[in-house]
Amino acid sequence: MVLKPGSRLGPYEIIAAIGAGGMGEVWKARDSRLDREVAVKILPARFAHNAQFLARFEREAKVISSLNHPNVCVLHDVGMIPAGEVPGAVAEAGDPNLHYLVMELVEGESVGERLKRGPMPLSEVLRIGAQVAEALDAAHRKGIIHRDLKPDNVMLSRSGAKLLDFGLARAADEGSGVVEGLTSIPTEVKQITMQGAILGTFQYMAPEQLEGMEAGPRTDIFALGTLLYEMATGTKAFTGTTKTSLIAAIVSSQPQPVSSTIASTPPALDYVIRRCLEKHPDDRWQSAKDVAGQLRWISEAGSQAGQAPAVAARRRLDRRILIGMAVAGWLATALLGWLLLSGPRVAETRPPLRAELLPPPGVEISGVLNGTPVLDPAGTRVVFRGRPREGAMRLYLREIATGGIRPLENTEGATFPFWSPDGRWIAFFADGKLRKIPSAGGPVQILCDARDGRGGSWGSAGTIVFAPEIQGPLMQVSEGGGRPAVVTKISDSTITHRNPHFLPDGKSFLFTERDSDGDAVGHIAMASLSEPQPRLVVEQASNPQYAGGYLLFVRDGNLVAMRLDLSTGKVEGSPTVVSEEIEYYNPRDLGSFTVSATGCLVYRHHQWRKTQMAWLDASGRKVESIGDPGYYQTQIPAPTILRGGRAAILKNGGEDTDRDIWIMDLTRGQMVRSTFENADGLMSGVLSPDGNRLAVSAPAGVGALRKATWIQPASGSGKQETVLPESPFYVQDWSSDGRYLIGIVQRSGTGFDVAWVDLKGAKSTEILLGSRFNETSPSTSPDGRWLAWISNESGKAEVYLTDFPAATQKWQVSSGGLFIQGNSIPFWAPDGSKIYFSTTDGLMQAEIGSPAAPGPGKPSFVYHNGSDVPELFSLLATDGRRFLGMIYVEAGSVEPLRLVLNWKQALQD
């Protein structure tokens, strides 16, 4: 059958031929129904008799139709017309049925056509490369592998790049052996291609494809690297005069860096391409999304990134030029990388050099509460905890030399990361286990149980020392996993050993020790694998780090250094300030800093993000702000509970020097100060059911603040009634009948437990919910029938329910884990008929049964998180129509990580 202008395929009128090749004809046509121009691809007659080709044709239509992405060619329709029933076509004897695809008509040219005019500008390489990477990521998330990415399969249009040709694509559960694509734009000129066992175009194929192995997402990433290289240089990444020599080049060689051809190329782009073109899939980028993020980061650096000088010129830079370059963020990072790779001897002769390490766009660097950033032993990479705008907190790895950043897959919820001595592994805590993951990416391995880890260190002899929970001694376990054993001896007056740090001998280690009395500030002690008895090193200090003869720690908000004699375990001289106002969390003795033996230091200053009370509608959108923005409570636990039209808010410092509880009138938006303690140990407060009284807990006691729980008038004036003197009780709820204060206590051997105080009884704490797991965030229903709480007994934080006050039954309410940020306490509908809780995907609710049929119903979404939902610190309550929340009013990651090379030189200046 021969088509010609004027032929009709159902509603599609053929206008003109676009191209023709071995795999079909593409025609420009008009859709008479929607009055739009489209592209129609015809399956050639010689293939229409072949059942395999027809199956591939149908399968490709399904593949493309499952994708909905602005950088993927849109499939509008698929159809078949019996032979001889095509108006305007010339029929021939034996014509089969005519099969066709109707696609988006992409006006423009392919990347292959554009490259005939030479290499593309850097801005276009970054923009188009990021768009193609995002299109691949969308396909990969659907389980679809493209397998034939090349310049001719990327069209350039006014709206951006369009990825074509999914004929070689396959779903993850399909086998190999499919035919060349049907959605490509055919041309008469064909590059070296082999059909059969090896599919695709040779110049863009990954080594595993050439070896006949199964393709995966990282196969497409290799092809993406070749595409980026060709766009940037105008030449192919791999060449050969024969198929054999071409295959040999792909399998065994690396192309010359782009910067060797285009002198202005940023080193970061060289790094991105080189990682794409690694021979082994495990060494490439973890996902196409990672590549897109890197390309957009390079693009967004703009003038701050500057232009990279030629390699030879960079090596001739003298000391004065190096100092000048240190003020330019991106150039400083590249320079620091060069110095780091030159070794410590070079660094010792250099002055301190400084740079800022920013997270990827849309990712917030997490606070120090659950772990500090950590440098690898060589000081060339840093791992930090980060949370994307929509998604769970995870670990990110940044290459200091290049600026490349990638998330570590399957590390959602990770806390307290630390490195192996050889830099090949990263250990962390998650879901009640101590785990490790290859730093290059790969499967996560479980080493042992660690219910609520509080830091670890990996010794050179293959032993890991770690704190498995919030109280108790340090434990040790083999780097291969196994049963942990106690490694430090803890005294009766000590509640915790944590934050261990191995010394260079691989046997001795420093750690933080905290006593049950005193002013709630830890001190640094030393022990070894063979000597479990701690020896005091420094009083009133944070988590320890050692490098180059110095002990570093945080005291009074400053990062300080003291000389440490390893032979005696004694410090010498007075502390010298390295940097002021370090991010610090007193209850866990954690300062946000990390140091390597090579002279590299990374730290972070305090970051205060303003929040504001607001009413949100049932779709999560803000409908009304309440009061003024301020530096309100941003640490767990500290509930803000709606009572009598008012809410208790803990102001957490920042520009406001006082840390105290204030009462917010939700109707008038006015705040009244309720406590006047001005103390870091003040942790939580909750209003009585009528809103007239306030129960306050200071479970630690810092400085002059007494360690107690008391009740006072909410107005702040009047007598205070001490309920629990000298008790580590965190009050978190007040039962609706006014009888019980409910909160949590921290106990050795069981961690956090839910406890209560009977205000009509002996006024002492009694354990209501306790086990070897953590029970936190208790919340009673308004009708007094139920108590909800959060437990990690399943390995994830989930909401549970029991009858109150008897606590004779138990139900699990949530599944899949919670969004633990700020105030994580579940909250209730005013009539007690529903309970609400937050996940990383949005707000959920569960119906609560009647006394005759108790228990929760199946959870459902109230709303999903999205770009139109404000960034929440926490959701607090509901009045039945709206939701009361605390939202951020400042962007995340305002304060970057700060890097200093050769930091010891600053001590001598």
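Residues numbered from 1 in each chain as written. Predicted model: local features only at pLDDT ≥ 70, side-chain atom pairs only at ≥ 80, totals over all residues. Heavy atoms only, no water.

Remarks on the overall build of the chain
Along its length, the chain carries 15 helices and 62 strands. Within the chain, the fraction of its 909 residues that count as buried is 57%. At a minimum sequence separation of 6, the contacts of the chain that also span at least 24 residues come to 51%. With the model as given, the accessible surface of the chain reaches about 36,100 Å², and the carbon-plus-sulfur share is 49%. (Helix = DSSP H or I, 4+ residues; strand = E, 2+ residues; numbered from the N terminus. Buried < 20%, exposed > 50% of the residue type's maximum accessible area, 1.4 Å probe, protein only. Contact = heavy atoms within 4.5 Å. Areas by Shrake-Rupley, 256 points an atom, 1.4 Å probe, with all protein chains shown as cover.)

So, the pattern of salt bridges
A complete count under the given rule lists 35 salt bridges for this structure. Where E721 meets K763, a salt bridge forms, and the shortest distance between an N and an O atom there is 2.5 Å. Here K763 lies in the loop between strand 50 (751–758) and strand 51 (765–769) and E721 lies in strand 47 (residues 721–725), a separation of 42 residues in the sequence. Since its relative accessible area comes to 34%, E721 is described here as partly exposed. Given a relative accessible area of 29%, K763 falls into the partly exposed group. Salt bridges sharing common partners tie together K28, R30, D35 and E37. (Salt bridge = Lys/Arg side-chain N within 4 Å of Asp/Glu carboxyl O.)

So, the nonpolar core
In terms of nonpolar packing, the biggest core is built from 53 residues, with V132, L149, L224 and V291 touching the most fellow members. Elements with a minimum of two residues in this core: helix 3 (111–115), helix 4 (122–141), strand 9 (154–157), strand 10 (160–163), helix 6 (217–233), helix 7 (243–252), helix 9 (267–276) and helix 10 (288–305). Ignoring any residue separated from it by four or fewer positions in sequence, one finds L224 in contact with G129, V132, A133, L136, L149 and V291. Core analysis: the second largest hydrophobic core is formed by 33 residues, L447, V477, V754 and W789 among them. (Core = buried A, V, L, I, M, F, W, Y, C linked by side-chain atoms within 4.5 Å.)

Thoughts on the environment of N558
Take N558: it is sitting in strand 32 (residues 558–565). Separated by 22 residues in sequence, N558 and E580 place their C-alpha atoms 4.4 Å apart.

Focus: the packing of aromatic side chains
Using the criterion set out here, one finds 18 aromatic pairs in the structure. Both rings, one in W789 and one in Y800, keep their centres 5.9 Å apart while their planes meet at 25 degrees; by these two values the pair is stacked. Of the two residues, W789 is situated in strand 53 (residues 786–791) and Y800 in strand 54 (residues 798–803); the sequence distance between them amounts to eleven residues. One exposure class covers both W789 and Y800, and it is buried. Ring pairing ties together the aromatic residues F418, F429 and F466, which thus form one cluster. Sitting over the face of the ring of W425, K436 holds its NZ or CZ atom 4.3 Å from the ring centroid. Taking NZ or CZ as reference, K810 lies 5.1 Å from the ring centre of Y800, over its face. (Phe/Tyr/Trp six-rings, centres within 6.5 Å; stacked < 30°, edge-to-face > 60°. Lys NZ or Arg CZ within 6 Å of the ring centre and 35° of its normal.)

Some details on the pairing of strand 49 (residues 740–747)
Along strand 49, six of the eight residues are buried, which leaves the element largely enclosed by surrounding structure. Where strand 48 (residues 729–734) folds back on strand 49, the antiparallel hairpin that results is connected by five residues, among which G738 adopts a positive phi of roughly 80 degrees. Pairing of strand 49 with strand 50 involves eight bridges; the strand directions are antiparallel. Its bridge partner being in strand 50, R747 is matched across the sheet by G751. (Pairing = 2+ DSSP bridges.)

A closer look at the sheet that holds strand 46 (residues 708–713)
Within a sheet, neighbouring strands are paired by backbone hydrogen bonds and run either parallel or antiparallel to one another. Across the sheet, which stays open at both edges, the four strands sit in the order 44-45-46-47 with antiparallel pairing between neighbours. Both outer strands of the open sheet, strand 44 (684–687) and strand 47, are each paired with one neighbouring strand and no more. The average angle at which neighbouring strand axes cross in this sheet is 20 degrees, direction not considered. Note: strand 44 against strand 45 (residues 693–698), four bridges, orientation antiparallel. What sits directly across from V686, in strand 45, is A695. (Axes fitted to C-alpha atoms, helices over the stretch in contact; angles between N-to-C directions.)

Thoughts on the sheet that holds strand 32
Across the sheet, which stays open at both edges, the four strands sit in the order 30-31-32-33 with antiparallel pairing between neighbours. Each edge of the sheet is formed by a strand with only one pairing partner; in this case those strands are strand 30 (545–547) and strand 33 (570–579). Recorded for the sheet is a direction-independent mean angle of 30 degrees between the axes of neighbouring strands. Both strand 30 and strand 31 (residues 550–555) contribute to a ladder of three bridges, which runs antiparallel. Each residue of the ladder has a partner; that of Y546, found in strand 31, is L551.

With respect to the packing of helix 4 against helix 6
Relative orientation of the contacting elements helix 4 and helix 6 amounts to 165 degrees, with a least axis distance of 11 Å. Put simply, helix 4 runs roughly antiparallel to helix 6. Of the two elements, helix 4 crosses helix 6, and the hand of that crossing is right-handed. Together, V125, I128, G129, V132, A133, L136 and H140 of helix 4 and P217, D220, L224, L227, L228, M231 and A232 of helix 6 make up the contact between the two elements. Class assignment for the residues of the contact of helix 4 with helix 6 results in eleven nonpolar, two polar and one charged. (Parallel < 35°, antiparallel > 145°, perpendicular 65-115°, else oblique. Left-handed = near helix turned anticlockwise from the far one by under 90°. Nonpolar A, V, L, I, M, F, W, Y, C, P; charged D, E, K, R; others polar.)

Some words on helix 6
Its 17 residues give helix 6 an end-to-end C-alpha distance of 25 Å, which sits within 8% of 24 Å, the value for a rise of 1.5 Å per residue. Within helix 6, 16 of the 17 residues are buried, leaving the element largely enclosed by the surrounding structure. A positive phi of about 80 degrees marks G234, the residue just after helix 6. (Expected span 1.5 Å × (residues − 1).)

A short note on the confidence of the model for the chain
On average, residues of the chain carry a pLDDT of 81, and 82% of them reach 70 or more. Counting interchain partners and residues more than four positions distant, the pLDDT-below-50 stretch residues 302–335 has 46 contacts. For the stretch residues 634–639, pLDDT sits under 50, and the model shows 26 contacts to residues farther than four places along the chain or on other chains. (pLDDT = per-residue confidence, 0-100.)

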